Amino acid sequence: MDQSAVNIGLYVILSGVLFTIGIVGVLVRRSAIMIFMAIELMLNSANLALVAFARQHGGVDGQIIAFLVMVIAAAEVAVGLTIIVAVFRRIKTVDVDKLHSLKG
Amino acid sequence: MDVPTIESLNLIAALPTMIVAVGAGVILLIELFLPKEERHWLAILSVVVIAVGLWLTFWDGGRTDAFGGMYVADGFTRFVNIVALGTAFFAILMAYDYNRRRGITRAEFYPLLLFSTSGAMLMGAAGDLVIVFIALELLSIPLYIMTGIRRDDPIAQESALKYFLLGAFASAFLIYGIALTYGVIGSTSLDAVLGAVTSQGLTGNPLLLLGAGLMIVGLGFKVAAVPFHMWTPDVYQGAPTPVTAFMSVAAKVGGFGALLRVLVGAFQDLAGAPRAGGWSLTVWAVAAATMILGNLVALAQRDIKRMLAYSSIAHAGYILMAVIAAGEGVEAGAGAALFYLMAYMFTNLGAFAIVVAVEKDDGSGTDLDSFAGVGRSNLWLGLAMALFMLSLTGIPPLVGFFGKFYIFKAAIDAGLVWLAVIGAVTSVISAFYYVRVIVKMFLEEGTGEAKVPWALALAIGMLALGVLITGLLPAGALDMAEGVILALAP
């Protein structure tokens, strides 16, 4: 039991590290695709935390929530990639620094 | 653990939300068999679905739970439902003619609007953090699509991309906050969180505070609170105007519904003004920054959609003030927030309806100069805009005044005197940019003109009446809003 408690702490720390990498990725990257991938990393770090906590609490709630997050992430991917493709077709770039026609 | 039966799920309680979502799906199916020139039936069917949803909302009283406590049907839910459905109704009236003028022929428009509405309704009904997350996505994903529904328009595409990236970023914060809360408490039920925080003395737990903070970030994005507001002006400007109108109110209703449920219904004991590190101090700073920045930047805007975007940021600040008051234990806080949301629905939708009328077929004509002289050539339209602008400023006896009054009163009762002072001062500043629109419409010469087809005229008329009636007789709506408080924090 002690052994697994230590392990769960490590998983949570790992998920925190992944989440932070995701935030940094969103803030630093300029391509919409890379930003989107960083967001997916953040969602998956939450999944890791959920599953680790589910193990700690000895229930399955966290695992079920992780599934829900996956489903919603898939829906987001479908819409998000469509928007990115549409933008690329229309404006010929997905570099967020070059998308600045809206200002004021 | 009991295996739930159909009876124990108590689906009846969740019927208003379900009928809207199911109705949207049915309309999508009907569209398949409808010839292109008969598409206006989709709008009419959507209004029917909304009417059924409203009728079911008024059905019975008291608190009941559906889906084992995940869906809470109480006065709060009912109020959020009414505002969300009303917003959808007026947005459809605005879009009815606008879509044809601007060549938005895609039949998915109305079903997407209904899906998004059901998301907003679900956010106010959330009894579980997981529902907050799912409802947020149900609200947001159709909005991303509707923002970019004009696929040949580069501006709309750009704003859809910005909205999507920042919205997805925000939901990642929300779900991580939920994961941390689940880790500490072992459950995602709001009641369980509330109970555990009190009974286990978790008020200083760093992981729980971090989780609550991340959730505030995620929901703060949705309601456009500073510093999470960057997307608002760009998206408001780039989206089709009826969509902007819809999202400006529906996203706020959903976002604040969930914020009140989470912060007051689950994390109330974490608020703690005297104890440093509670959420009320953080939200205090966010509210102050939101009111100040929103109102000051709005002064400099030349495009009315951008101006209304910053004004909507500013109004988020006022409602946040009520959220803090509710968190501090002032019972009128939640009621004041809800009343303000209803006032904001009438007023802000009205302002956007006028923008729809003045906007030209090619999408131009949203700059302030296009409004010059509109009040002279079209007196009633000008008077309606004056009404909405004065209500947004908060001039008595319009509904916007009572909204602000109840919020300031709740804030002062909660000891948030400085925040109320900031609110009052920024309200005065806001008069400059709101009144400027009226001056433009009546006192300046111009070639501005407006097209008001019957559906739009109906929307403007009903909204203007709403502003006047709830302003002159605020008691009924306020009673309803105050009835929710007991339900919120059991």
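Residues numbered from 1 in each chain as written. Chains lettered and ligands numbered in written order. Predicted model: local features only at pLDDT ≥ 70, side-chain atom pairs only at ≥ 80, totals over all residues. Heavy atoms only, no water.

**Q** How would you explain the packing of aromatic side chains if you had to name every residue and give the values?
**A** In the structure shown here, the tally under the stated rule is 22 aromatic pairs over all chains. Taking 6.3 Å as the distance between ring centres and 45° as the angle between the ring planes, the aromatic pair formed by B:Tyr318 and B:Tyr340 counts as tilted. With a gap of 22 residues between them, B:Tyr318 in helix 13 (residues 304-327) and B:Tyr340 in helix 14 (residues 332-358) connect regions that are remote in the sequence. Judged by relative accessible area, which is 2%, B:Tyr318 ranks as buried. For B:Tyr340, a relative accessible area of 4% translates into the label buried. Cluster of aromatic residues (ring-pair linked, three or more members): A:Phe36, B:Tyr144, B:Tyr163, B:Phe164, B:Trp231, B:Tyr236 and B:Phe352. Lying across the ring of B:Tyr96, B:Arg100 places its NZ or CZ 5.7 Å from the centre. (Phe/Tyr/Trp six-rings, centres within 6.5 Å; stacked < 30°, edge-to-face > 60°. Helix = DSSP H or I, 4+ residues; strand = E, 2+ residues; numbered from the N terminus. Buried < 20%, exposed > 50% of the residue type's maximum accessible area, 1.4 Å probe, protein only. Lys NZ or Arg CZ within 6 Å of the ring centre and 35° of its normal.)

**Q** Describe the nonpolar core, and please don't skip the residues or the numbers.
**A** Residue and element names in this part refer to chain B. Membership of the largest hydrophobic core comes to 225 residues, with the highest contact counts inside it found for Phe267, Ile354 and Met389. In terms of residue count, helix 14 provides more of this core than any other element does, 21 residues in total. Once residues within four sequence positions are removed from consideration, methionine 389 is found in contact with Met307, Leu308, Ala351, Tyr434, Val437 and Ile438. (Core = buried A, V, L, I, M, F, W, Y, C linked by side-chain atoms within 4.5 Å. Contact = heavy atoms within 4.5 Å.)

**Q** If you had to explain the interface of chain B and chain A to someone new, which residues and values would you point to?
**A** Interface size is commonly expressed as the accessible area that is lost once the parts come together. In this assembly, 40 residues from chain B lie in contact with 45 residues from chain A. Summing both partners gives a buried area of about 3600 Å² for chain B against chain A, and 78% of it is carried by carbon and sulfur. Interface area lost by chain B to chain A is led by B:Leu161, B:Tyr176 and B:Tyr182, which between them contribute 19%. The tally of links between chain B and chain A comes to zero salt bridges. Counting every contact that joins chain B to chain A gives seven residue pairs in polar contact (both at pLDDT 80 or more). Tallied by class, the residues present in the side of chain B that touches chain A amount to 24 nonpolar, nine polar and seven charged. (Buried area = accessible area lost by both parts, 1.4 Å probe. Salt bridge = Lys/Arg side-chain N within 4 Å of Asp/Glu carboxyl O. Polar contact = N/O pair within 3.5 Å; in protein donor to acceptor, adjacent residues only side chain to side chain. Nonpolar A, V, L, I, M, F, W, Y, C, P; charged D, E, K, R; others polar.)

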